[in-house]
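Coordinates in review
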Amino acid sequence: MFENIKADLAAYTGLQKPSFIDFMKSLVKSTGFQLVLMYRASRFLRGKHLRFLSFMIDRLSFHLYAAEIKSSADIGPGFTVAHPAGLVIGAKVVAGNNFSVRQNVTLGGNNGKKREGSWTQPRIGNDVVVGCGAAILGPVRVDSNSFVGACSLIVEDVGAHEVWGGVPAKRIRLNEK
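The structure contained in this document is the topic of the report that follows. (Residues numbered from 1 in each chain as written. Predicted model: local features only at pLDDT ≥ 70, side-chain atom pairs only at ≥ 80, totals over all residues. Heavy atoms only, no water.)

1. Some remarks on the packing of helix α1 (residues 2-13) against helix α3 (residues 31-47)
To keep it simple, the criterion reads: Only the contacting stretch of a helix is used when fitting its axis, a line to C-alpha atoms as for every element, and angles between N-to-C directions run 0 to 180 degrees. Counting from the N terminus, the helices are DSSP H or I runs at least four residues long and the strands are E runs at least two residues long. To sort the angles, those under 35 degrees are grouped as roughly parallel, those over 145 as roughly antiparallel, those from 65 to 115 as roughly perpendicular, and the leftovers as oblique. Left-handed describes a crossing whose near helix is turned anticlockwise from the far helix through less than a right angle; right-handed describes the clockwise counterpart. It only takes one pair of heavy atoms within 4.5 Å for two residues to be counted as in contact. Lys, Arg, Asp and Glu make up the charged group, whereas Ala, Val, Leu, Ile, Met, Phe, Trp, Tyr, Cys and Pro make up the nonpolar group; the residues left over, Gly among them, are polar.
Contact pair α1 / α3: the axes reach a minimum separation of 11 Å and the direction vectors enclose 170 degrees. One element, α1, and the other, α3, form an angle in the roughly antiparallel class. Remark: the crossing between α1 and α3 carries right-handed chirality. Note on element contacts: α3 touches α1 through G32, F33, V36, L37 and R40, opposite N4, I5, D8, L9 and Y12. Along the lines of polarity and charge, the residues of the contact of α1 with α3 split into six nonpolar, two polar and two charged.

Here it is as structure tokens:
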């Protein structure tokens, strides 16, 4: 848990080795970082079979930030939330390292549609950015180093190094990073 928090803090500050002062500044200034900390704490408690406490943190974060990140979602280190309002990340979402989201993003199921291994939620690769208002629904993959544009609706797989946008979203170009 603490290694993930260190990576999350590094992503927020842009520093490789942020100090305690950097932690405190981020804790006070950034509601997105506060939400990420609450998610990490809730996930830790869930892993320790303290599901009621985990649930209570989930509910508190919903009321404080108008955002819902289920503690059963698996999100790698370096997770950043620019603005937490309206964020919904479903129960079985899997996201890699350095995942970044904006406000009003939804990641979740699509009316029970299933894929191999019977997974129903999105799987997000490393270094993915999701713009504000975007929705990634159903058992789709968003591969590493991709960008999902604002207000896009993703219902099919997104390849690595691609930029997608629109409703329904289509590939706009290859990401040159």
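2. Some thoughts on the sheet that holds strand β13 (residues 153-154)
Inclusion rule: Criterion used throughout: strands pair if DSSP finds at least two bridges between them.
An order of β1-β4-β7-β10-β13 is seen for the five strands of this open sheet, with the pairing classed as parallel. In this open sheet, the two edge strands, each paired with only one partner strand, are β1 (68-69) and β13. Summarising the sheet, strand β4 (residues 88-89) and strand β7 (residues 106-108) pair through two bridges and their orientation is parallel. Residue pairing across strands places I89 opposite L107, the latter belonging to β7.

3. Quick look at α3
For clarity, the threshold we go by: Expected span of a helix: the number of residues minus one, times 1.5 Å.
Between the first and last C-alpha of α3 there are 24 Å, a value that for 17 residues agrees with the 24 Å anticipated at 1.5 Å per step. Those residues of α3 that are buried are in contact with α1, α2 (20-29), α4 (51-65), β1, β2 (74-75) and β3 (80-81). At the C-terminal side of α3, H49 shows a positive phi close to 65 degrees.

4. Description of the environment of G131
To be explicit about the condition: Each residue gets one of three labels from its accessible area relative to the maximum for its type: buried under 20%, exposed over 50%, partly exposed in between, using a 1.4 Å probe on protein chains only.
Inspection of the secondary structure assignment puts G131 in the loop between β9 (129-130) and β10 (135-137). G131 sits in the buried class, given a relative accessible area of 8%. For the pair formed by G131 and S146, sequence separation is 15 residues and the distance between their alpha carbons is 11 Å. G131 has contacts with R102, V105, V148, G149 and A150, leaving out every residue within four places of it along the chain.

5. Side note on the pattern of salt bridges
This is how it is decided: A side-chain nitrogen of Lys or Arg and a carboxyl oxygen of Asp or Glu constitute a salt bridge if their distance falls within 4 Å.
Applying the stated rule across the entire model yields six salt bridges. Ionic pairing is found between E68 and K70, a salt bridge with its closest N-O pair at 2.9 Å. The class for E68 is partly exposed, based on a relative accessible area of 21%. Residue E162 pairs with R171 through a salt bridge whose shortest N-O separation is 3.4 Å. Overlapping salt bridges, with partners in common, bring together R59, E68 and K70 in one network.

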